[in-house]
Amino acid sequence: MTTTTPGPTALRGAVGTAHTRVEGRDKVTGAARYAGEIPFTGLAHGWLVLSTVTRGRVRDVGTAPVLGMPGVLAVLHHGNAPRLRTDYVGMLGTRPDPTAAVFQDARVPFAGWPVALVVAETPEQAREAAEALVVTYDEEPHTTALAADDPGAYSAAGHPPAEVGKDLEAELAASAVVLDEEYTTPEEQHSMMEPHAATARWDGGRLEVVDSNQGTTWVRAELAAMFSLDPASVRVRSEHIGGGFGSKGLRAHQVSAVMAATELRRPVRVVMTRRQMFSLAGHRSPTVQRVRLGADPDGRLRVLDHRSLNRTSTVFEFVEPSASVGQVLYAADAHRTASHVVRLDVPSPTWMRAPGEAPGSFALETALDELAVRCGADPIELRLRNEPETGPVSGLPFSSRNLAACFREGARRFGWADRDPRPGVRREGHLLLGTGTAAATYGAGAAPSTALVTAEADGSFTVRIAAADLGTGARTALTQIAADALETVPGRVRVRIGDSDFGPAMIAGGSMGTRSWAWAITAAAAELRERLAVAPDIPPEGITVRSDTTEAIGALARKERHTFGAQFAEVAVDTATGEVRVRRMLGIFAAGRIVNPLTARNQLVGGMTWGISMALHEEAVRDRNTGRHYAPDLAGYHVATHADVPDIEADWVDDPDPDDPVGIKGIGEVGIVGAAAAVANAVWHATGVRQRHLPIRPDRVLAAPAPDGAGRAADGADEADGGAVD
Ligand code: MOS
């Protein structure tokens, strides 16, 4: 192995080579235990009881009959639960969602609000008793439907609208081509495979919570604040995780488990059911988005005006910042983006799979496709004509911006040059075929983290970092990074993660995990090597170095830092049934240095699969009258399965981040961005009818006017059911 200066261009050992997951054998043999299946002596089981009304107050919780049922140990509710602190700002800068701070008062702000926890000796007894528990309510009228013109919409403090450049209305009036359309996306659910599960217990004066979450130090800080405990007396572990997608932070399961474990003085486990997750685990709010574009005849943008509205609960403010995607993607003489929010009687939304960029790119990238048609321009050419030189809103330089390279490589591999731009001309029996494209971008950030790296006496190394591997392959990537940084092979490096006792670290979120953790590991490894160079003798307990990247990351120059991508899709539309099938997809990404091509491709293909799912399938439908979901389970809420997913190819162009020690940017979320728009644009190309409302259900395809073949005008009729989404 050669010694080189650390840096993004230094090609060494393990980073950049395919590596199967280091815990893969444990997972496929069942040796890897998930939070809900780790055994504890004396374990009791809690079952959450959720409100059946959508708004009102709990009048009475009928505990007496339930306490007499077999195995029942306790019923916790607002009348007997301990008081929690909720007035703090957590480590991610947000106040806690009261949905997690359970049983603090009698009010019911939405359907599926936690009203009680029944604890019993077995999960079956707890469930039986929970279902027998009679809770009575004073009901109040509710509103759950989101409407574009809701007078309650407002601009949240942390999400101010951005307006730069010339006068917007004047520029619009001076534009040769104008587009003004509304796009909607529905409520979407994270739907990770593993439900939320936590076991809480007191052990020698310390609270230990074994959980499935995206950040052990994050959840520890939240629990400590909420229960007024010294953070050092709380330990949160989360070793294996079956997906998170933004949903696995502090939730009702951990808090209620801690309450019950404290009360009963024995370990208590609380697991959410799939149905409970629909109201307790966060979700993506529906959005109503208005995009106005004004362009010169050649498609150069004079105006980009994007306003998005999402709904949040009455107890927690969450903004889905959908309009912000345009702040990165396109230059315009007059540029305005605003993401608004309105409070309704619905569960609290949260981050989910590229929050903001995923729904925002559906609207903006569909609008760009519509503009290309109106200008008679190729959709890729149109985008390249609007490439900004600096941040369109910030004016800051880009750390690197390889969107054009993604489109060039993608177009070549997808066969874009052979595409007939006219819609509705490719037929195969009763099927209409079409292709579409869209741009992708997502933030490339890093956040302070600490890591411990130990040189063991036997010549191996141990890395300890409170990272989380949601199933992404992060643990494996970190093993490769550590091996290179220590100038050894991955087989001599043990990476231990998912334990808050390892010290503060970034969560697995914002596509920032691996980059942030890699930075800390690289720093600790470098110092360790220096020490070993001076004093190579290792004592039996090893030599441990701790790093903290707070200063290094704080010193980063302000720049626009993003990943980019070009999405391509081909669809077949059945004109008899309205069914849309994606035939192939290609995504080419500029996403920093790729640490592990095997798991990276996994992440990107996974994101694109979400895109198909978002475009065609996912929709959590709420009944306006009851305020509840129609079918809150994975039968009623369809997530793309194997039969829905064709040949998907994901690849990348060379794009090492110049300011990162390893060259990483982060790949967790960019794969979904633009993917739904690429599918929707392909549906337009196939049929000649524009689909502005997701998902593109068969009834929406059938309700559209029949295409009349070659040379059809760009615009189909608007959806009859557009404009308001539940
Ligand atoms: Mo991701 S939605 O930032 O966990």
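In the annotation of an unreviewed UniProt entry, the entry for the protein reads Oxidoreductase, and the organism field reads Kitasatospora albolonga.

For helix 11 (residues 403–414), built from 12 residues, the straight-helix expectation of 16 Å at 1.5 Å per residue is met to within 8% by its first-to-last C-alpha distance of 16 Å. Restricting attention to buried positions, one finds in helix 11 the residues Leu403, Ala404, Cys406, Phe407, Gly410, Ala411 and Phe414. Down the axis, helix 11 shows its buried residues gathered within 155° of arc, on one side only. When the buried face of helix 11 is taken as reference, the exposed residues oriented beyond 90 degrees from it are Arg408 and Arg412. For helix 11, the secondary structure elements touched by its buried residues are helix 8 (326–329), helix 10 (379–385), strand 18 (431–443), strand 23 (562–574) and strand 24 (580–590).

Taking strand neighbours across the sheet as the criterion, the three strands line up as 4-2-6 in an open arrangement whose pairing is antiparallel. Every interior strand has two partners, whereas the edge strands, strand 4 (107–108) and strand 6 (134–139), have only one. The pairing of strand 2 (residues 56–62) with strand 6 spans six bridges and is classified as antiparallel. By the bridge assignment for strand 6, arginine 57 is matched with aspartate 138.

All right, on to the UniProt feature "domain: Aldehyde oxidase/xanthine dehydrogenase a/b hammerhead" (unreviewed entry) in the protein then. Under the feature "domain: Aldehyde oxidase/xanthine dehydrogenase a/b hammerhead" (unreviewed entry), the UniProt entry names residues 29–141. Taken end to end, residues 29–141 comprises 14% helix and 31% strand; its first and last C-alpha atoms sit 51 Å apart.

The next subject is the side chain of glutamate 208. Here glutamate 208 is to be found in strand 11 (residues 206–211). The buried category is assigned to glutamate 208, whose relative accessible area is 7%. Of the polar contacts made by the side chain of glutamate 208, one reaches the side chain of arginine 237; its length is 3.0 Å. Setting aside residues no more than four positions away along its own chain, glutamate 208 makes contact with Phe40, Thr199, Ala200, Arg201, Arg235 and Arg237.

Tracing the backbone through its elements, the reader meets glutamine 289 in strand 14 (residues 287–295). In this structure, the C-alpha to C-alpha distance between glutamine 289 and glycine 360, residues 71 residues apart in sequence, is 7.9 Å. The contact partners of glutamine 289, leaving out residues within four places of it in the chain, are Glu181, Glu182, Tyr183, Thr185, His306, Arg307, Ser308, Ser322, Pro359, Gly360 and Ala363. Among the polar contacts listed, one links the side chain of glutamine 289 to the side chain of threonine 287, at a separation of 3.0 Å.

Cut-offs used in this document
Residues numbered from 1 in each chain as written. Predicted model: local features only at pLDDT ≥ 70, side-chain atom pairs only at ≥ 80, totals over all residues. Heavy atoms only, no water. Helix = DSSP H or I, 4+ residues; strand = E, 2+ residues; numbered from the N terminus. Expected span 1.5 Å × (residues − 1). Buried < 20%, exposed > 50% of the residue type's maximum accessible area, 1.4 Å probe, protein only. Arc of directions from axis to C-beta. Contact = heavy atoms within 4.5 Å. Pairing = 2+ DSSP bridges. UniProt positions renumbered as here; feature names shortened; annotations may be inferred. Polar contact = N/O pair within 3.5 Å; in protein donor to acceptor, adjacent residues only side chain to side chain.

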